[in-house]
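# Architecture and fold: a report
The chain contents come next:
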Amino acid sequence: MNDEKNEEKNKEVIKTEYDTEVGNELSQFSPSWYADTERKRDGVIKNTNKGIWLAYASIILGILAFFTAPVIFGAAAIILGFLARRSDEAKAGGIGIAIGLIAMLLGLIIYPLL
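Quick caveat, the model's predicted, so the values are computed rather than measured.

### Examining the overall build of the chain
Helices and strands together make up the secondary structure of the chain, namely five helices and two strands. Starting at the N terminus, the α and β elements of the chain follow one another as α-α-β-β-α-α-α. Here the chain, with 114 residues, has 22% of them falling under the buried criterion. A sequence separation of at least 24 residues applies to 48% of the contacts in the chain between residues at least 6 apart. For the chain, the accessible area works out to roughly 8,900 Å², and carbon and sulfur atoms hold 62% of it.

### Some details on a nonpolar patch on the surface
A grouping of V71, I72, L105, L108, I109, I110, Y111, L113 and L114 is seen on the molecular surface, where their side chains present a nonpolar patch of about 970 Å² in accessible area. Elements with a minimum of two residues in the nonpolar patch: α4 (70–86) and α5 (90–113). Of the residues forming the nonpolar patch, the biggest block, six residues, is contributed by α5.

### What about the packing of aromatic side chains?
Applying the stated rule across the entire model yields one aromatic pair. When the centroid spacing of 5.5 Å and the interplanar angle of 85 degrees are considered together, the rings of W53 and Y56 count as edge-to-face. With W53 and Y56 both in helix α3 (residues 50–67), this residue pair falls three residues apart, about one helical turn. The exposed category is assigned to W53, whose relative accessible area is 56%. Overall, the relative accessible area of 40% leaves Y56 in the partly exposed class.

### With respect to the environment of G100
Position of G100 among the secondary structure elements: in helix α5. Owing to a relative accessible area of 0%, G100 belongs among the buried residues under this scheme. Spatially, the C-alpha atom of G100 lies 8.6 Å from that of G81, the residues being 19 residues apart in sequence.

### Quick look at the side chain of S58
Tracing the sequence through the fold places S58 in helix α3. Not counting chain neighbours up to four residues away, the residues in contact with S58 comprise A77, L80, G81, G96 and I97.

### Describing the environment of V71
Counting through the fold element by element, V71 comes out in helix α4. Taking the C-alpha atoms as reference, V71 lies 7.8 Å from A103; in sequence the two are 32 residues apart. Once residues within four sequence positions are removed from consideration, V71 is found in contact with M104 and L108.

### Re α3
In a regular helix each residue adds 1.5 Å, so 18 residues correspond to 26 Å; α3 covers 27 Å between its end C-alpha atoms and thus fits that length. By the burial criterion, the buried members of α3 are G51, L54, A55, S58, I59, L61, G62 and A65. Projection of α3 onto a plane perpendicular to its axis shows the buried side chains occupying an angular sector of 165 degrees, all on one side. Opposite its buried face, α3 presents the exposed residues W53, I60 and F67, each directed more than 90 degrees away. Packed against the buried residues of α3 are α4 and α5.

Parameters and conventions
Residues numbered from 1 in each chain as written. Predicted model: local features only at pLDDT ≥ 70, side-chain atom pairs only at ≥ 80, totals over all residues. Heavy atoms only, no water. Helix = DSSP H or I, 4+ residues; strand = E, 2+ residues; numbered from the N terminus. Buried < 20%, exposed > 50% of the residue type's maximum accessible area, 1.4 Å probe, protein only. Contact = heavy atoms within 4.5 Å. Areas by Shrake-Rupley, 256 points an atom, 1.4 Å probe, with all protein chains shown as cover. Patch = residues over 30% accessible without salt bridge, like charges linked within 9 Å, V, L, I, M, F, W, Y side chains within 5 Å. Salt bridge = Lys/Arg side-chain N within 4 Å of Asp/Glu carboxyl O. Phe/Tyr/Trp six-rings, centres within 6.5 Å; stacked < 30°, edge-to-face > 60°. Expected span 1.5 Å × (residues − 1). Arc of directions from axis to C-beta.

Have a look at this one:
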């Protein structure tokens, strides 16, 4: 009787250790969409790469403003640049703001004079 209890207990311990080891191995794998997130102390997951995509969009819209509607795309580049700066991407957001401003100024002042 005592041997049967010990055997069951050993099986439970082995299963628990196996589950823990498998869990540790699987927890090291993180898909690419989850890799750039971090869990805060309160349990909320914050996406840490949002600002860089806003900055990229700002730069792209600023460049697009040179070739098409400079007021619309330039304004959108400036707005996205400020949102990117607020999301801790100061350098890239600033570049997007500068490109958007230059495109708007060229569109409003210099292009009509040509």
